[in-house]
Amino acid sequence: MTTLTPEQQRLSDEVRAFADTVVAPAAYEYDTKRELPYDIIRQMGEMGLFGLAVPEQYGGQGKTYVELCLAVEQLARVDQSIAVTLEAGLGLGVMPLLRDGTEVQKQQWVPMLARGEALAAFGLTEAEAGSDAGATKTTAELDGDEWVINGSKQFITNSGSDITRLITVTAVTGRRENGAPELSAILVPSGTPGLTVHPAYDKVGWHTSDTHPLTFENVRVPRENLLGERGKGFASFLKTLDEGRVAFAALCTGAAQGCLEEALRYAKERVVFGRPIGDNQHIAFMIARMQARVHQARLVTYDAARRIVEGTPFSMQASIAKLVSSEAAMANARDASHIFGGYGFLNENAVARHYRDSKILEVGEGTTEVQLMIISRQLGLA
């Protein structure tokens, strides 16, 4: 584990205990029902988890991105859906408001989000615009004192829950002199006429995470709902994505850790031919590699998180963290399910759910190929 302050260690221990005693026992039930567990979300709000990186003046804990990563990691050990609800709610929902919002916008939205009483979503991805965010087709045009938004978004986390109150939408608000799209971010409250939240996706994994496609048909919001400067949306959401990748890497690290813990426990308990399967060198070496992956993922993740806190460049480190940790999670899920044998194919076991859940970790917040592209460009390559 990276070196933590006593206060950070207490937070990590507290969230770990909550994950083990509250989240884990309910994970299979909610996964089967495919429901967001609002009672657990409420308890997380009462613990202050949704306000960890939010200044105290807006009702938060006044902590840093390191603390957010610690909480996300511990939750992801036992349930990735719960972890991504926190990661997206704070990292993608609240942070753009804190960075680019006016004081009025912050006072209106951040306190309720920091308390976990409401969730906010970040509407970026479209059918032809995800990795290529510059291909955004959703438009927003000024009509007097209102923005009129038309378009669609997909794969938007926390966008249709009972407590979703806000969606930040990226849209083309004009054209530059060279013909390139002018991208801006606009706040759209839930329930605004013309906003349609379609039924939740039938996903392979992350069953309790709230994820929907959205349609905007002549959605009208006040002119002052512009988030940040007009035309600065592209640079702003690139920063949001960079930060989000670090918290996402913490989620991946937690998933890899959870698989390791389950595999280690089972290897000591499961007896075959008169001895624990962990006595077999093949199994022991497999688990040793799982440990090595977790350690590597944790080191690069918290290096990136601390760079955010220090205000030093972290874009490449964020991509490295996301790349390394997502591959670690996928590899550990595969190995853990193999160690469990047939039991690893049963959804009631955490390793089976991790196996289903972990594939999206190599896709969400930028695919593996996008991370490699970012890293290579930072190195001065094509």
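Everything that follows concerns the structure shown earlier in this document.
Residue numbers run consecutively from 1 along every chain, following the written order of its sequence. Residue-level local features of this predicted model are given only where pLDDT is at least 70; pairs of side-chain atoms are given and counted only at 80 or more, and the full residue set underlies all totals for whole chains, interfaces and linings. Processing note: side-chain calculations cover all non-hydrogen atoms of the structure and skip hydrogens and water entirely.

Caption draft 1: Spatial organisation of the overall build of the protein chain. Counting from the N terminus, the helices are the DSSP runs of H or I reaching at least four residues and the strands are the DSSP runs of E reaching at least two. A tally of regular secondary structure across the protein chain gives 10 helices and 10 strands. Taking 21 Å as the expected radius of gyration for a compact globule of 382 residues, we find that the protein chain reaches 21 Å, a close match to that expectation. On the principal axes, the C-alpha backbone points of the protein chain span a range of 80 × 50 × 40 Å. The cut-offs for exposure are 20% and 50% of the maximum accessible area for each residue type, with area from a 1.4 Å probe on protein chains only; residues under the lower value are buried, those over the upper are exposed, and the others partly exposed. Taken over 382 residues, the protein chain has a buried fraction of 57%. Contacts were defined at the residue level, with two residues in contact if any of their heavy atoms lie within 4.5 Å. Long-range pairs, those at least 24 residues apart, make up 74% of the contacts in the protein chain with a sequence separation of at least 6. In short, Shrake-Rupley with a 1.4 Å probe defines the accessible areas, and a residue's cover is counted only from the protein chains shown. In the structure as shown, the protein chain presents an accessible area of about 16,400 Å², 52% of it carried by carbon and sulfur atoms. All radius of gyration figures rest on C-alpha atoms, and the globule criterion is 2.2 Å times the number of residues raised to 0.38.

Caption draft 2: Focus on the side chain of Asp357. Position of Asp357 among the secondary structure elements: in helix α9 (residues 350–358). Lys and Arg are tallied as positive, Asp and Glu as negative. Neither His nor the chain termini are counted. When a carboxyl oxygen of Asp or Glu lies within 4 Å of a side-chain nitrogen of Lys or Arg, that pair is called a salt bridge. No salt bridge is formed by the buried Asp357; its nearest oppositely charged neighbour, Arg356, is found at 4.1 Å. When neighbours within four sequence positions are excluded, Asp357 is seen to be in contact with Gln80, Gly205 and Trp206.

Caption draft 3: Layout of the nonpolar core. Joining through side-chain atoms within 4.5 Å is the link that ties buried Ala, Val, Leu, Ile, Met, Phe, Trp, Tyr and Cys residues into a set, and such a set is a nonpolar core. Counting 86 residues, the largest nonpolar core has Met44, Leu49, Leu75, Leu86, Val246 and Ile339 as the members making the most contacts within it. For this core, the element with the highest residue contribution is helix α6 (residues 233–269), accounting for 14 residues. If we skip the residues at most four places from it in the chain, Met44 touches Phe18, Leu49, Phe50, Leu75, Ile82 and Leu86. In this structure, Ile186, Leu214, Phe216 and Val219 belong to the second largest nonpolar core, which totals 16 residues.

Caption draft 4: Representation of helix α5 (residues 103–114) in the model. Its 12 residues give α5 an end-to-end C-alpha distance of 16 Å, which sits within 8% of 16 Å, the value for a rise of 1.5 Å per residue. Buried residues in α5 make contact with α4 (80–100), β1 (119–123), β4 (164–175), β5 (181–189) and β8 (226–227). Gly116 sits one or two residues past α5 and shows a positive phi near 75°. Multiplying 1.5 Å by the residue count of a helix minus one yields the expected span of that helix.

Caption draft 5: Here's a closer look at the pattern of salt bridges. Under the criterion given, the structure shown has 24 salt bridges. Taking the shortest distance from any N to any O, the salt bridge between Glu128 and Lys137 comes out at 3.6 Å. Across this residue pair, the class does not change: Glu128 and Lys137 are exposed. When the shortest N-O distance is used, the salt bridge between Glu269 and Arg265 registers 3.0 Å. With Glu269 and Arg265 both in helix α6 and four residues apart, the pair spans about one turn of that helix. By relative accessible area, which is 34% here, Arg265 ends up partly exposed.

Caption draft 6: Local environment of the environment of Asn150. In this fold, Asn150 is placed in strand β3 (residues 146–157). C-alpha of Asn150 to C-alpha of Ala336: the two residues are 186 residues apart in sequence and 45 Å apart in space. What Asn150 contacts, discounting residues up to four positions off in sequence, is Lys137, Thr138, Thr139, Phe216, Glu217 and Asn218. A polar side-chain atom of Asn150 sits 2.7 Å from the main-chain amide nitrogen of Asn218. Here a polar contact is taken to be a pair of N or O atoms separated by no more than 3.5 Å, where protein atoms must pair a possible hydrogen donor with a possible acceptor and residues adjacent in sequence count only if both atoms sit in side chains.

Caption draft 7: Inspection of the side chain of Thr173 at higher detail. Its place among the elements puts Thr173 in strand β4. At 2.8 Å, the side chain of Thr173 forms a polar contact with the side chain of Ser184. Setting aside chain neighbours within four positions, we find Thr173 in contact with Ala140, Trp147, Glu182, Leu183, Ser184, Ile186, Arg230 and Gly231.

Caption draft 8: Summary view of unusual backbone geometry. Notably, Asn158 is not glycine yet its phi reads approximately 65°, a positive angle. Secondary-structure assignment places Asn158 in the loop between β3 and β4. Despite not being glycine, Glu365 has its phi angle at roughly 60°, a positive value. You can see Glu365 is positioned in the loop between α9 and α10 (368–378).

Caption draft 9: Highlighting the environment of Ser12. By the element assignment, Ser12 lies in helix α1 (residues 6–33). The class of Ser12 is buried, set by a relative accessible area of 2%. A C-alpha to C-alpha distance of 6.9 Å links Ser12 and Gln74, two positions 62 residues apart in sequence.

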